[in-house]
Amino acid sequence: MNPIPVGVVMGSSSDWDTMQHAVQILQQFGVAHEARVVSAHRMPDDMFAYAEAAAARGLKAIIAGAGGAAHLPGMLAAKTVVPVLGVPVASRHLSGVDSLHSIVQMPKGVPVATFAIGPAGAANAALFAVAMLAGEDPVLRQKLQAFRAEQTEAARAMTLPPNT
């Protein structure tokens, strides 16, 4: 397996506040990854080169976060066969709804898996990438099963205030 199976990319360094949640999940599972800024608007040639080289470099998934116009996930998906997992980053003016709409409305033939706006979406995109990799990695599959069991137990352990 390629030592770096997951790329985490974002449109600008300001997206890191959201995208760091994806990186934290990947680190928790011991999944090698790279994180970088690859702006669709400010550095389109770099973005195209990243997408076009992704499969040959052995990437199995690209987690792409973008705010505002949110072109990054779709533009990457248009230039690679590697699955792209889109994370809408909350914007200042429309709270990320603009990003969500931009990512989710890809034309037929250019698929982007789309997750929730913000940190929860970034974490879930990373968990989705882990699940994709776990299909071929029994150790990673066991870690994912243990993680989900821990989540279930944590939910069961939650106590609610008594009814009054």
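Here, the structure is the one placed above.
These numbers were taken from a predicted model, which means no experiment stands behind them.

J.: Can you walk me through the packing of helix α5 (residues 119-134) against helix α6 (residues 138-157) in this structure?
T.: Packed helix pairs are characterised by how far apart their axes lie and by the angle those axes make with each other. Here α5 crosses α6 at 140°, and the two axes come no closer than 8 Å. One element, α5, and the other, α6, form an angle in the oblique class. As for the relative orientation of α5 and α6, their crossing is left-handed in sense. Facing α5, whose interface residues are Leu127, Val130, Ala131, Leu133 and Ala134, α6 presents Leu140, Arg141, Leu144, Phe147 and Arg148. Tallied by class, the residues present in the contact of α5 with α6 amount to eight nonpolar, no polar and two charged.

J.: I keep staring at the nonpolar core and nothing clicks. Help me out?
T.: As a rule of thumb, nonpolar side chains are buried together in soluble globular proteins. Judged by nonpolar contacts, the single largest core of 27 residues is most densely connected at Val6, Val8, Leu26, Phe29, Val31 and Ile63. Put simply, the parts of the chain that give this core at least two residues each are β1 (6-10), α1 (16-28), β3 (61-66), β4 (84-88), α5 and α6. Looking at which element gives the most residues to this core, the answer is α5, with nine residues. For Val6, the residues in contact, after removing those within four places along its chain, are Leu26, Val31, Ala32, His33, Glu34, Leu59, Ala61, Ile63, Ala129 and Leu133.

What counts as what
Residues numbered from 1 in each chain as written. Predicted model: local features only at pLDDT ≥ 70, side-chain atom pairs only at ≥ 80, totals over all residues. Heavy atoms only, no water. Axes fitted to C-alpha atoms, helices over the stretch in contact; angles between N-to-C directions. Helix = DSSP H or I, 4+ residues; strand = E, 2+ residues; numbered from the N terminus. Parallel < 35°, antiparallel > 145°, perpendicular 65-115°, else oblique. Left-handed = near helix turned anticlockwise from the far one by under 90°. Contact = heavy atoms within 4.5 Å. Nonpolar A, V, L, I, M, F, W, Y, C, P; charged D, E, K, R; others polar. Core = buried A, V, L, I, M, F, W, Y, C linked by side-chain atoms within 4.5 Å. Buried < 20%, exposed > 50% of the residue type's maximum accessible area, 1.4 Å probe, protein only.

Function-wise, these values are silent; they only describe arrangement.
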